There are 2 protein chains.
Amino acid sequence: MEFSKLWLDYRKLADNRSRVIISCDKTLKDSAAFEELKIAMASMVPDAIVLWKSEVFDDDSCLIVLTIRPELSEEEYDIAASANITEICAGSETGLLYGVFAFLRKIALAGRFISFTAHKKPSQPIRMLNHWDEADGDIERGYSGKSFFFVNEELEVNERTVMYARLMASIGINGVVINNVNVRRKAKLLLSIEFAESLTNLGELFARYGIKLFICPDFAAPKTICGLDTADPLDENVIEWWNTTCALIFSKIKNLGGFLVKADSEGEPGPMAYGRTHADGANMLARAVKPYGGIVIWRCFVYNCTQDWRDKKTDRACASYDNFIGLDGQFDDNVYLQAKNGPVDFQIREPVHPLFGAMKNTNLIIEFQLAQEYTGQQKHVCWLIPMFKEIMEHHTRHDLPDDRVSRIVCGVAAVANTGDSYCWTGSELAAANLYGYGRLLFDEDVSCTELAEEWTRLMFGDDEKVTSAVKEILLDSKQAYEDYTVPLGIGWMCHPNDHYGPSPWGYEFDRWGTYNRADRDAVGVDRSASGSGYSEQYAPALADVYGDITKCPDELLLFFHRVPYTHRLHSGKTVIQHIYDTHFEGYAKAEHFAELWHGLEGKIDDRTFKNGCERFAEQLRCAKEWRDIINCFFHRLSGIDDENGREIY
Amino acid sequence: MEFSKLWLDYRKLADNRSRVIISCDKTLKDSAAFEELKIAMASMVPDAIVLWKSEVFDDDSCLIVLTIRPELSEEEYDIAASANITEICAGSETGLLYGVFAFLRKIALAGRFISFTAHKKPSQPIRMLNHWDEADGDIERGYSGKSFFFVNEELEVNERTVMYARLMASIGINGVVINNVNVRRKAKLLLSIEFAESLTNLGELFARYGIKLFICPDFAAPKTICGLDTADPLDENVIEWWNTTCALIFSKIKNLGGFLVKADSEGEPGPMAYGRTHADGANMLARAVKPYGGIVIWRCFVYNCTQDWRDKKTDRACASYDNFIGLDGQFDDNVYLQAKNGPVDFQIREPVHPLFGAMKNTNLIIEFQLAQEYTGQQKHVCWLIPMFKEIMEHHTRHDLPDDRVSRIVCGVAAVANTGDSYCWTGSELAAANLYGYGRLLFDEDVSCTELAEEWTRLMFGDDEKVTSAVKEILLDSKQAYEDYTVPLGIGWMCHPNDHYGPSPWGYEFDRWGTYNRADRDAVGVDRSASGSGYSEQYAPALADVYGDITKCPDELLLFFHRVPYTHRLHSGKTVIQHIYDTHFEGYAKAEHFAELWHGLEGKIDDRTFKNGCERFAEQLRCAKEWRDIINCFFHRLSGIDDENGREIY
């Protein structure tokens, strides 16, 4: 079991000490915060003795005081540091742990003990990771190896899980769903006695690191586990079974947070089969977990996945809103609806999901995807944090005191990009997504440039060339990917099934509701009021922008409108010329990234360097396919040549 | 192990007898011919006692005399039958078996003992089936269940294998390759001790039915089995290993015919890796099997399967000819080159392979495909026999005494369509392909109408409605499939990988060399002298036809030429209108087939009827997709409406 420490690979500081004294209440001596300090100090000041509450204190000592202060909220911390004395106060052990990680990050970046103050509480109260791990060890849409949670159909708690918990706590993740929302095969038994012991062990580990443990249960469990002939959420026996089961598992599993449920979606079971609503289903579960402080997170990813491509009236983009808007106010207060960031499915560019701000009387969680399903599968570098930040700061234009997504949601979740690969995320650079995600949720004010810089330096040290190159790669990577894949918001031009590489009409004549409708004259989907009406799901001020071809932002034009190739964008370019230009430019950017990376040989560890080289080679190969195939596709249709005479095959 | 008897399900005759006397030399009493007669008589005249050489003979008796006559060639038979006395003479036990099957077929169709004479020898000396069965039981491109040869990684000889041998002998198959040309996993050990006993048993069974047993060996076996560091066909140790191995296996396995080899093709090992030619590789093996009368069949399916789609100069159609034509005359006399019927890969319409007639000093075998890989996968009814017959009768226009393919080749092979499904071929109607194939090779003069009728009546009895409906379905099915899939010879508009259902650009930007090059103005590939030059691979008289847009037959136009959608065909229609018309008509034909089939309820056995209904339902669903997607595709590109105003989505 070989794995890297990622950004927790503490390096030696420039200033040395002979003693590090950690002063805290005896009860904190066993805390994760205390332990993390000891681990860090052993690497950062390797010559120092680390002591608890020593009497000796001189210039060669460093004193770190850990204090619980009840006036601070649970996850809040307050740090006052000088070169020799640091006080970290927090509202709980978890808050202390967050404070310790913040302190360690600060001195790691400074390279020495420094003076600073920091007082933070998380921007988002719920900060989750959703793992799509299967009990058999596969990971759905996983690009980083196999599951490290499930090995040989058993749930593991081991060195790697401990490292995982430390990494997650270091970026402030406080909730983890350990299994796939599609509950298959042995995962259907997660609520049964089969997994009781291992879940208990994992819950204990997670508790130590301030992480609530969540499970995706099989909604049909009353049938599959208990043998009832129904899973109807209003059936008395079903309710009774869930109540009893929850009483049992919550009594055993410390820090169990509750359930995440994908119901009536892409073939998963749900309440609709019994003529019940999503609210009926979610509330039934919510009542079963409520006595134990549990919550139920219910996904809004519900649409018709057997659409006839001939049917031009049905618009998948409308489905999630249409399915849930009528239920606003009907969910119990411990139910959270989890909507993806956009209305369709994690494309590189979508408008923000219209439920945010529209569903005023419902707890909402926004779901992002760190796993690069549609964004290069960790072979392409695609740092998604700028996109996440943009979405969180998006103004929904609903009539609210603060209409931004970040103020509307009660929490944030992301599909994890981890696996049992050495560097956890297949590519080291993909770990920047994981890091940035957690950090951003905890501290929304931190800029992407700051995040890119701090991650790069924590990962690779202080070489300026490395920092500058990696920062540039990260910061430009998402736009490059959007450029050479599918600009102007059209989406879904990837290969079906594996969602990798270009296939412009791979989804065009299929059942998934994901069409570009390109023909020799025009491209895009009319989702304005005169089209599918999707734009009307937004607040009037935004509906007016999206629905109007003259006001719609260029980057979403083909998502909302069908236009001729000669349509002129706000940028002044025609649609077809924009397509050609972005594809050539996007590929050129990818080439530049690879060059930057190759320049780092000898400056970063060899294993990481080589892994990156292999991945950049694949990114270039694939980006070239994207460039040439998408350009060729639109050239064959439009018959319009590139103004700059570049080769289109 | 449940399986049907297909066309060997002998029914009771209209005239009864009390005795059937089989008169033959004592040595023939254990022959398959004698046994088959006994099996058949027990069903056809169930009240009769079957005797050997009885003295009693009266009006109520039927005498069948079996005689070996040395003046007849081995597989030749001569029958003189009257209502009461039948003499079947042949050159060998195998010939007798063929005579017996011919006699039984005749009386089964007549429904009684009748007077007739028949004197036949097979039209083709080599009549083979190539099974693409894997040692683990899968069948590559199999649509009829799992392998019945390989079960749990063992080679089986059982009741089903015996029935298989009887079925094959009844249609005159005299060579069977039992494993896939792509030699994977445990099949690599077929030459080792691992399979020695079971191959010996199977060889014995096959010998009884006149079938030579063939194996696809791993060309790299000297490395994989023996542990040498090379498989170079000119290396002394390699030659020695093959010689020793062949001595061993030919001494053990009765009726071993030799090897079928796919070398240097789609990643399979071969001589090219060692800088040797196909002739070097084939001759080395041929010399190893020669002492035992063995032959080596070497496939010509060699092309670059990693082509860049941007490369418009390379033409896969040219590859097979280009790879082999220079080697004409260099192969030993027990080497047979096996070329597919067309230059690319079993599309519903291709020109005949240009090697036939061009390679004058080489033994050639033509390879067909019964497994409906590109032709509906046994879910669509597609009776391929009219196409096979057309190809066999095709005039190559080479300067030869008889320039037809049937006179040029030394034998015929076909990829089998069997598996462990109840009816052997997934769909009962697909068994007509297997039957027709064997019968056509044995007797090239039989017409498709006759074949359709005799198979239908042997399978389903004499109900006129059944015969008329099934005959009509079979005879029209291939044209219907061509119509609603890809008319005018364009091909490859299917889904990649599984080759089922429409995906007009699924292969367009991929590495397989299979492009339609459609754009808003034109479609098709210029393979004339001014294009890829492929047409020049034919004899001048034919090159002149194919290479000239005004002479090229309509059905191959888009294979050989790139034309605008408005190009007018010999038929008088434009290309685009032809596409629309054939797609609407093809689908209408499929609808008609389904109606005909539904009219047979109660007239054929229920199991067959239901299986057919399910498959016709799927054919209709899929044919509708073909119709609408291909029409939509070309409409989007061309912008030209259907003259008849039918709906194009």
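Given the structure is predicted, the values throughout are model-derived calculations rather than measurements.

Here is what the cut-offs are and how they apply
- Residues numbered from 1 in each chain as written.
- Chains lettered and ligands numbered in written order.
- Predicted model: local features only at pLDDT ≥ 70, side-chain atom pairs only at ≥ 80, totals over all residues.
- Heavy atoms only, no water.
- Contact = heavy atoms within 4.5 Å.
- Buried area = accessible area lost by both parts, 1.4 Å probe.
- Salt bridge = Lys/Arg side-chain N within 4 Å of Asp/Glu carboxyl O.
- Nonpolar A, V, L, I, M, F, W, Y, C, P; charged D, E, K, R; others polar.
- Least-squares fit on C-alpha atoms with pLDDT ≥ 70 in both.
- Axes fitted to C-alpha atoms, helices over the stretch in contact; angles between N-to-C directions.
- Helix = DSSP H or I, 4+ residues; strand = E, 2+ residues; numbered from the N terminus.
- Parallel < 35°, antiparallel > 145°, perpendicular 65-115°, else oblique.
- Left-handed = near helix turned anticlockwise from the far one by under 90°.
- UniProt positions renumbered as here; feature names shortened; annotations may be inferred.
- Disulfide = S-S within 2.5 Å.
- Buried < 20%, exposed > 50% of the residue type's maximum accessible area, 1.4 Å probe, protein only.
- Pairing = 2+ DSSP bridges.
- Core = buried A, V, L, I, M, F, W, Y, C linked by side-chain atoms within 4.5 Å.
- Expected span 1.5 Å × (residues − 1).
- Polar contact = N/O pair within 3.5 Å; in protein donor to acceptor, adjacent residues only side chain to side chain.
- Domains from an automatic or database assignment.

## Digging into the interface of chain A and chain B
Every contact between the two is made by 23 residues of chain A and, on the other side, 23 residues of chain B. Summing the contributions of chain A and of chain B, the shared interface buries around 2300 Å²; its carbon and sulfur component is 59%. Broken down residue by residue, the surface that chain A buries against chain B is led by A:Arg310, A:Arg520 and A:Arg636, which jointly contribute 37%. Linking chain A with chain B are six salt bridges, by the criterion used here. Residues B:Glu508 and A:Arg636 are paired through a salt bridge, measuring 2.9 Å at the closest nitrogen-oxygen approach. Partitioning the side of chain A that touches chain B into residue classes produces ten nonpolar, three polar and ten charged.

## A word on the relation of the copies chain A and chain B
For the pair chain A and chain B, the superposition axis carries a translation of 0.0 Å, the fit reaches an RMSD of 0.0 Å, and the rotation angle comes to 180°. Both copies are brought into coincidence by an operation consistent with a two-fold rotation axis. Same-surface contact between copies: 100% of interface residues of chain A are shared with the interface of chain B.

## Points about the packing of helix α1 (residues 32-44) of chain A against helix α2 (residues 93-110) of chain A
Residues and elements named next belong to chain A. Contact geometry for α1 and α2: axes closest at 8 Å, N-to-C directions at 15°. In terms of orientation, α1 and α2 fall into the roughly parallel class. In this structure, the crossing between α1 and α2 has a hand that is right-handed. Residues Ala32, Ala33, Glu36, Leu37, Ala40, Met41 and Met44 of α1 form the contact with α2, whose participating residues are Leu96, Leu97, Val100, Phe101, Phe103, Leu104, Ile107 and Ala108. Here the residues of the contact of α1 with α2 are counted per class, giving 14 nonpolar, no polar and one charged.

## Considering the UniProt feature "domain: Glycosyl hydrolase family 67 catalytic" (unreviewed entry) in chain A
Residues annotated by UniProt as "domain: Glycosyl hydrolase family 67 catalytic" (unreviewed entry) correspond here to residues 117-424 of chain A. A distance of 32 Å separates the end C-alpha atoms of residues 117-424 of chain A, which is 26% helix and 16% strand.

## As for the UniProt feature "domain: Glycosyl hydrolase family 67 C-terminal" (unreviewed entry) in chain A
Under the local residue numbering, the UniProt record ascribes the feature "domain: Glycosyl hydrolase family 67 C-terminal" (unreviewed entry) to residues 425-646 of chain A. Secondary structure over residues 425-646 of chain A splits into 51% helix and 2% strand, and the C-alpha atoms at its two ends are 37 Å apart.

## Describing the state of the cysteines
Residue and element names in this part refer to chain A. Summed over the entire model, instances satisfying the criterion amount to zero disulfides over all chains. Cys382 carries a free sulfur, and the closest cysteine sulfur to it, the one in Cys622, is 12 Å from it. Among the residues examined, Cys382 registers a relative accessible area of 2% and is labelled buried.

## Brief notes about the pattern of salt bridges
All names here are of chain A. Within this structure, the stated rule accounts for 96 salt bridges over all chains. Between Arg607 and Glu2 there is a salt bridge; the shortest N-O distance is 3.4 Å. Pair noted here: Arg607 is in helix α17 (residues 606-638) and Glu2 is in the segment before β1 (19-24), with a separation of 605 residues, a long-range link. Salt-bridge contacts for Asp315 lead to Arg527; the nearest nitrogen and oxygen are separated by 2.9 Å.

## Examining the sheet that holds strand β4 (residues 77-81) of chain A
All names here are of chain A. Across the sheet, six strands lie side by side as β2-β1-β3-β5-β4-β6; this open sheet has mixed pairing. On the outer flanks of this sheet lie β2 (49-52) and β6 (116-120), each paired with one strand and no other. Within the sheet, the average angular offset between the axes of one strand and its neighbour, ignoring direction, is 10°. Two strands pair when backbone bridges link them, and strand β3 (residues 61-68) and strand β5 (residues 85-90) are joined in this way by six bridges, in the parallel orientation. Bridge pairing links Val65 to Glu87 in β5. The strands touched by α1 within the sheet are β1, β2 and β3, with β1 carrying the most contacts at an inclination of about 175°.

## Side note on the nonpolar core
Ranked by internal contacts, the top residues of the largest apolar core, which has 453 residues, are A:Trp7, A:Met41, B:Trp7 and B:Met41. Residue contacts for B:Trp7: discarding those within four places in its chain leaves B:Leu167, B:Ser170, B:Ile171, B:Ala431, B:Leu434, B:Tyr435, B:Trp455, B:Leu458 and B:Met459.

## A word on helix α13 (residues 464-484) of chain B
With 21 residues, α13(B) should reach 30 Å at 1.5 Å per residue; the first-to-last C-alpha distance of 29 Å fits that figure. Sitting at the amino-terminal end of α13(B) is B:Asp463, which places a side-chain oxygen 2.9 Å from the backbone nitrogen of B:Lys465.

## So, the domain arrangement of chain A
All names here are of chain A. Taken as a whole, chain A is organised into domain 1 (6-120), domain 2 (126-446) and domain 3 (487-525 + 562-638). With centres defined by C-alpha atoms, the gap from domain 2 to domain 3 works out at 29 Å. When domain 2 packs against domain 3, the two sides together hide about 2400 Å² of surface, and 54% of this comes from carbon and sulfur. For domain 2, the biggest contributors to the area lost against domain 3 are Trp309, Lys379 and His380; these three give 25% of the whole. Our count for the contact surface shared by domain 2 and domain 3 stands at 17 residue pairs in polar contact (both at pLDDT 80 or more). Residues that form the side of domain 2 that touches domain 3 fall into these classes: nine nonpolar, ten polar and eleven charged.

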